[in-house]
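Report on the structure
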Amino acid sequence: MFIDCWKSAILIAALASVCCAQSLRQEAENAGLLVGTAVRPPQLSEAAYASTLAREFNMVEAEDAMKWWVLRPDRATYDFRQGDEVVHFAKAHQMKVRGHCLVWGRYNPDWLTHGHFTPRQLSRLLREHITRVMKHYRGQVFAWDVVNEALDENGNLRDALWYNQPGIGLSTEGTAYIEQVFRVAHKADSHALLFYNEAEGEGMNRKSDAIYVMVRDFKRRGVPIDGVGLQLHIPTLDAGTGAAADISSNIARLTALGVQVHITELDVSVPLDSNGMPKSEDLTRQAEVYRGIVRACLNNPGCTAIQTWGFSDKYSWIGSHSHGTRGHALLFDRAYQAKPAYRAVWEELSAGRTSDSKPHVNPLH
Ligand code: G3I
C-alpha cells in the first residue's frame, strides 16, 4: 500500500514535469493548428519579447502596423516600414503572417475622415488602398482581416465611413459594400485567405446570427470569402466561464458553410487590486476559460488558428483601455513567465484534436 502511494506520487511528479517540454508552436503543429499573437514592431528589439515570440508562436499579426492610421499618414503616402518589420521577423522565424485590417469604420486617419470625400472618391481611395497594400504583402501575408467590426450588437450594419458616412456608393444596399470590398481584395491577391473579423459575435447571439446569414449569402453567391475571425476579447471571468459550448456551436455552423474560423484576438481579463495585481484564484479561473476556448477550436476541424491579442501582460491594450481596473489577460506575465493560462493552453494543444476533428485544410502550408 505504502509503495503504491510512492509510485503514484512519482507518476504525478513525472507527468507534471512533462508539461511544456515542447513549446506552444510545437504542440500546435502536431495538432495541425496555427498559434499566433498580435505583435508591436517597437518591441521586436527587446530580447525577451523576441525570444518568447519566436519560440512559442508560428503566426503573427501586426496589432496596429497595417492599419490605415499607420500605413497612411497622408493621402499621398504609404508607410510600410512597421508592417515590413513584422513580416521580416516572421520570415526569419518560419512564421505565417495575418494582415489586419483593410477596412474598419474606426481609427482612420483625420485626412480621410475629415476629407469631405464623395462616395465615388472614397470608393476609389479604398480600391487603391486595398490593391496597393495587398500587392505589397502578396506572398507574405497569407490571410487578411478584410473587413473588421462592421456590425453592431444587434447584428445591424454600423453607421461608418465606408458604409454610409458617406460610404462608397452602396449605402442603401446593406452588406453590398462589404461584398464589394471582398471582391476588390480577391482581385488584388487571389491567393490570400479573406476573413470577416468581428468582436462579441463569438457565441450564439444576434450578432453571430447576422454574421452567419451574411457569410451564407456570400458563399451562395460566390463572393470570395474564406473565413470568419472571432476576436474573443473576454472582458470578465464570468463572461468567459461556460462560454465554450456556445462558441463551439458557432464555430461548427460557420465552418459547415465552407469557411475557416480563426480565433483572432483572444485575451481574458481578470480584475486587478489597487496595486494592479490579480488574485491567484482568478488566474486559475482564467486558465480554465482559455482551456475551454482552445478545446472548442480543436474540436472543430475548420477552426485552424488561435491567436491572442499580445502575449505578455507587459504589452496589452487592456490596461489603458480599462483604466487599470482589469488586465493581466495574456499567457505570459510582465516578466515573460508562463502563467497558468499558458499551461492550460499547452495541455489542450498537447492533447490535440479528437479523431473526428482533424483539420480539412492544413493551415501550415
Ligand atoms: O503610438 C502612439 C503614441 O505615440 C501616442 O503618444 C499615443 C497617444 O495618442 O497613441 C499611440 O498610438 C496608440 C496605439 O494604440 C499604440 O498604443 C493609438 O492612439 C491607439 O488608438 C492604438 O489603439 C489600438 C486600437 O486597436 C486602435 O487601433 C490598440 O493598440 C489595439 O490593441 C486595438 O486593437 C483592436 C483591433 O485592431 C480590432 N479589435 C479590437 C482591438 C482592441 O481595441
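Below, the structure is looked at part by part. (Residues numbered from 1 in each chain as written. Predicted model: local features only at pLDDT ≥ 70, side-chain atom pairs only at ≥ 80, totals over all residues. Heavy atoms only, no water.)

**Side note on the pattern of salt bridges**
If charged atoms from side chains of opposite charge come close, those side chains can pair. Inspection of the entire model under this criterion finds 21 salt bridges. Between Asp64 and Lys67 there is a salt bridge whose closest N-O contact spans 2.7 Å. According to the relative accessible area criterion, Asp64 is partly exposed, its value standing at 26%. With its nearest N and O atoms 2.9 Å apart, the salt bridge here joins Asp209 to Arg253. Note that Asp209 is positioned in helix 9 (residues 206–220) and Arg253 in helix 11 (residues 244–255), a separation of 44 residues in sequence. Its relative accessible area of 36% is what places Asp209 among the partly exposed residues. Here Arg253 falls in the buried class, since its relative accessible area comes to 17%. Each member of the salt-bridge network shares a partner with another, and the members are Glu288, Arg291, Arg295, Arg343, Glu347 and Glu348. (Salt bridge = Lys/Arg side-chain N within 4 Å of Asp/Glu carboxyl O. Buried < 20%, exposed > 50% of the residue type's maximum accessible area, 1.4 Å probe, protein only. Helix = DSSP H or I, 4+ residues; strand = E, 2+ residues; numbered from the N terminus.)

**Remarks on the nonpolar core**
Counting residues in each nonpolar core, the largest one holds 108 residues, and the members touching the most others are Leu53, Trp144 and Trp162. Apart from the residues lying within four places of it in its own chain, the contact partners of Leu53 are Thr37, Val39, Leu44, Val60, Phe89, Met95 and Phe311. With seven residues, the next largest nonpolar core counts Phe142, Ala143, Leu193 and Phe195 among its residues. (Core = buried A, V, L, I, M, F, W, Y, C linked by side-chain atoms within 4.5 Å. Contact = heavy atoms within 4.5 Å.)

**Quick word on the state of the cysteines**
Enumeration according to the criterion identifies one disulfide in this entry. Two residues, Cys297 and Cys303, share a disulfide whose sulfurs are 2.0 Å apart. Classification of the bridge connecting Cys297 and Cys303 rests on its S-S torsion, roughly -100°, and on that basis the disulfide is left-handed. For the pair formed by Cys297 and Cys303, the shared burial category is buried. (Disulfide = S-S within 2.5 Å.)

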